[in-house]
Amino acid sequence: MSTRAAILWGTGEKWSVEDVELADPGPGQVRVKIRATGLCHSDDHAVTGDMPTPLPLVGGHEGAGVVEAVGQGVTRVAPGDHVILIFQPPCGYCRNCARGRSNLCLNASLQEYGASKSFRARGQEIAATGDLGTFADATVISERCVVKMDKDIPFNVAALLGCAVTTGWGAAVYLAEVEPGDNVVVIGSGGVGVNSIQGAKNAGANLIIAVDTVEIKRQKALEFGATHAVGSIEEAQALLADLAPGRGADAAILSVGVGDGSKLGEIVDLTGPAGITVITSVSPIASDSVNMNLAMFTLTQKTLRGNVYGGVQVHRDIPLLLDLYRQGKLKLDELITQTYTLDQINEGYADMHAGKNLRGVIEFSA
Ligand SMILES: NC(=O)c1ccc[n+]([C@@H]2O[C@H](COP(=O)([O-])OP(=O)(O)OC[C@H]3O[C@@H](n4cnc5c(N)ncnc54)[C@H](O)[C@@H]3O)[C@@H](O)[C@H]2O)c1
Ligand SMILES: [Zn+2]
Ligand SMILES: [Zn+2]
């Protein structure tokens, strides 16, 4: 069938919204009519070239929609089901899935399902971000890449559970291991970081210090549960010296738009002995050096941790987060600053770069 999608043809170019051919769902695949997709900063790393990616590419990995058609042998969902799309689908039986690390599933690559070969345009095959490609009216993906949800959940907030909410929440709750009474610093309070603030609050943190260079993000951070909001790491350090002398933070979470290894030492220095630093931000792949005092790191028994999908187990955590949303313990509607049509995608990303949006979301008609 023919559909519309936003394609990145080359590094540094704009998203091009055009007609594409979409294959029918093959065995184990489903066609999903996308109803909403978030404008995550991660898709922008493909544009800037900070992260290598196959090109041309249908972008988007933070989406929700309705199952329209299923291929042979599909058992998990049926046409009409509402679903959230997931970019690290667990197989359920590999060593990592079996030990509760399904976000790091050893069989997450879907190449064998041909899932990334669903789009064609201008006579050639087009790749899809995370084997999903949610910047499209419809996409064909493995049934492993969907989590079913109740039909009362709005698509625009559901889409954000596909990445920003899960990644940010899990960074605090699982990877930074925030416990009641902990002091937490979140550097970069955008679509992902603000959810680390929500996670830290729900985990019972004491101080939650948000660091963001943009005033409106600092205001939003306070609305989402931060106890303090400052404009720089130095200010956060001064605040900790004042409010938690000799102790520092138990956790520091980096979620600025683009990571920078030269800043690592000052971020780790925010934490006290046995502190955990989580790096959610993606840094340019070409950059391979960091600046940190290794002796002090050792002598204070600190932990430095990466982040894939917040360490969440999607089939446990997406239902959990939806329950918290229903109970009013998790803000999701408030994450959406501005909605766009697919044709306005470049405007949406320009607004992200201008610091206007906590999250921009593209909405599609039914
Ligand atoms: N590890 C994962 O699984 C995963 C998943 C999703 C996103 N990410 C990454 O997380 C990062 C954040 O994504 P996002 O969608 O929230 O981006 P965003 O653009 O919405 O938010 C980034 C925030 O950082 C702030 N910021 C920028 N430079 C700063 C600085 N020097 N000091 C303080 N604040 C600063 C911005 O004002 C903005 O509020 C990106 O690098 C993205 O690729 C990682
Ligand atoms: Zn697995
Ligand atoms: Zn994302």
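What counts, and where the lines are drawn
- Residues numbered from 1 in each chain as written.
- Chains lettered and ligands numbered in written order.
- Predicted model: local features only at pLDDT ≥ 70, side-chain atom pairs only at ≥ 80, totals over all residues.
- Heavy atoms only, no water.
- UniProt positions renumbered as here; feature names shortened; annotations may be inferred.
- Donors = N, O, S within 2.8 Å, 3.2 Å for Na, K, Ca; no water.
- Helix = DSSP H or I, 4+ residues; strand = E, 2+ residues; numbered from the N terminus.
- Buried < 20%, exposed > 50% of the residue type's maximum accessible area, 1.4 Å probe, protein only.
- Tetrahedral: all angles 85-135°; square planar, octahedral: opposite > 155°, others 65-115°.
- Contact = heavy atoms within 4.5 Å.
- Phe/Tyr/Trp six-rings, centres within 6.5 Å; stacked < 30°, edge-to-face > 60°.
- Domains from an automatic or database assignment.
- Buried area = accessible area lost by both parts, 1.4 Å probe.
- Near = heavy atom within 4 Å.
- Polar contact = N/O pair within 3.5 Å; in protein donor to acceptor, adjacent residues only side chain to side chain.
- Areas by Shrake-Rupley, 256 points an atom, 1.4 Å probe, with all protein chains shown as cover.
- Nonpolar A, V, L, I, M, F, W, Y, C, P; charged D, E, K, R; others polar.
- Axes fitted to C-alpha atoms, helices over the stretch in contact; angles between N-to-C directions.
- Parallel < 35°, antiparallel > 145°, perpendicular 65-115°, else oblique.
- Pairing = 2+ DSSP bridges.

As recorded in an unreviewed UniProt entry, the chain goes by alcohol dehydrogenase and comes from Rhodococcus pseudokoreensis. Among the UniProt annotations of the chain, the heading Cofactor (unreviewed entry) holds the following wording: "Zn(2+)". The chain has a UniProt comment under Sequence similarities (unreviewed entry) that states "Belongs to the zinc-containing alcohol dehydrogenase family."

Under perfect tetrahedral coordination by four donors, a metal shows angles of 109.5 degrees; under perfect octahedral coordination by six donors, it shows angles of 90 or 180 degrees. The zinc ion (ligand 3) binds to the protein through Cys40 (SG), His61 (NE2) and Cys163 (SG), with metal-donor distances spanning 1.9 to 2.3 Å. Positions of the donor residues of the zinc ion (ligand 3), expressed as sequence spacing, correspond to C-x20-H-x101-C. Note that Cys40 is positioned in the loop between strand 3 (29-38) and helix 1 (41-48) and Cys163 in the loop between helix 3 (155-160) and helix 4 (164-175), a separation of 123 residues in sequence. Here Cys40 matches Cys163 in class, with each residue buried.

Right, let's talk about the coordination of the zinc ion (ligand 2) for a bit. Around the zinc ion (ligand 2), the donor atoms from the protein are Cys91 (SG), Cys94 (SG), Cys97 (SG) and Cys105 (SG), and they sit 2.3 to 2.4 Å away. Classification of the site at the zinc ion (ligand 2) as tetrahedral follows from its 4 donor atoms and the range of 102 to 117° in their angles at the metal. When the donors of the zinc ion (ligand 2) are listed by position in the chain, the intervening gaps give C-x2-C-x2-C-x7-C. Across this residue pair, the class does not change: Cys94 and Cys97 are buried.

Before going further, it helps to spend a moment on helix 5 (residues 193-202). Counting buried residues in helix 5 gives 8 out of 10 residues, a clear majority hidden from the surface. Three or more residues of helix 5 are buried, namely Gly193, Val194, Asn195, Ser196, Ile197, Gln198, Gly199 and Ala200. Here the buried face of helix 5 lies against helix 4, strand 11 (184-187), strand 12 (208-211), helix 6 (215-223) and strand 14 (249-254). In the segment just after helix 5, Gly204 is the residue with positive phi, at about 95°.

Taken as a whole and assessed by the stated rule, the structure comprises 3 aromatic pairs. Ring centres 5.3 Å apart and planes at 90° place the aromatic pair Trp15 and Phe135 in the edge-to-face group. One end of the pair, Trp15, is in the loop between strand 1 (2-8) and strand 2 (16-22); the other, Phe135, is in the loop between strand 8 (124-128) and strand 9 (138-142), with 120 residues separating them in the sequence. Ring centres 6.3 Å apart and planes at 65° place the aromatic pair Phe135 and Tyr349 in the edge-to-face group. With a gap of 214 residues between them, Phe135 in the loop between strand 8 and strand 9 and Tyr349 in helix 11 (residues 345-353) connect regions that are remote in the sequence. Among the residues examined, Tyr349 registers a relative accessible area of 4% and is labelled buried. Among the aromatic residues, those joined into a ring-pair cluster are Trp15, Phe135 and Tyr349.

All right, on to the environment of Val268 then. Within the secondary structure, Val268 sits in helix 8 (residues 264-268). Residues Val268 and Ala252, spaced 16 residues apart in sequence, show a C-alpha to C-alpha distance of 7.1 Å. When sequence neighbours within four positions are dropped, the list of residues in contact with Val268 reads Thr277, Met292, Phe297, Lys302 and Leu304.

The subject of this paragraph is the domain arrangement of the chain. Domain annotation for the chain reports domain 1 (2-161 + 332-363) and domain 2 (168-308). The C-alpha centroid of domain 2 is placed 28 Å from the C-alpha centroid of domain 1. If you look at the interface, domain 1 gives 14 residues, while domain 2 gives 18 residues. In total, domain 1 and domain 2 occlude about 1,400 Å² of area from one another, counting both sides; carbon and sulfur atoms represent 68% of this.

So, about the site of ligand 1. In the neighbourhood of ligand 1, 27 residues make up the surrounding shell, with His45, Asp212, Gly257, Asn307 and Arg359 lying closest. Lys217 places a polar side-chain atom, nitrogen or oxygen, 3.0 Å from an oxygen atom of ligand 1. Contacts to ligand 1 include Thr280, whose backbone N or O atom sits 3.3 Å from a nitrogen atom. Protein coverage of the free-state accessible area of ligand 1, which is 870 Å², stands at 85%. Looking at the shell around ligand 1 residue by residue, the class counts come to 10 nonpolar, 14 polar and 3 charged. Taken domain by domain, the shell around ligand 1 gets at least three of its residues from each of domain 1 (2-161 + 332-363) and domain 2 (168-308).

Look at helix 4 against helix 10 (residues 314-326): their axes get within 11 Å of each other, and the N-to-C directions meet at 95°. On the basis of their axis angle, the class for helix 4 and helix 10 is roughly perpendicular. On the side of helix 4, the interface is formed by Val165, Thr166, Trp169 and Tyr174, while helix 10 contributes Arg316, Asp317, Ile318, Leu320, Leu321 and Leu324. When its residues are assigned to classes, the contact of helix 4 with helix 10 shows 7 nonpolar, 1 polar and 2 charged.

Right, let's get into the pairing of strand 5 (residues 63-70). Burial of strand 5 is extensive: 6 of the 8 residues sit out of reach of the surface. Two elements, strand 3 and strand 5, share 7 bridges in a ladder whose sense is antiparallel. Its bridge partner lying in strand 5, Arg31 is registered against Ala69. Bridge count between strand 5 and strand 6 (residues 82-85): 3 bridges; the pairing is antiparallel. From the neighbouring strand, Ala64 faces strand 6, where its bridge partner is Ile84.

Take unusual backbone geometry next. A cis geometry characterises the amide bond from Leu55 onward to Pro56, with omega recorded as -10°. In this structure, Pro56 sits in the loop between helix 1 and strand 4 (57-58). Even without being a glycine, Ala274 presents a positive backbone phi close to 65°. Along the chain, the position of Ala274 falls in strand 15 (residues 271-279). On the basis of relative accessibility, which here comes to 44%, the residue Ala274 falls in the partly exposed class. Unusually for a residue other than glycine, Tyr309 sits at a positive phi of about 55°. Here Tyr309 lies in the loop between strand 16 (303-306) and helix 10.

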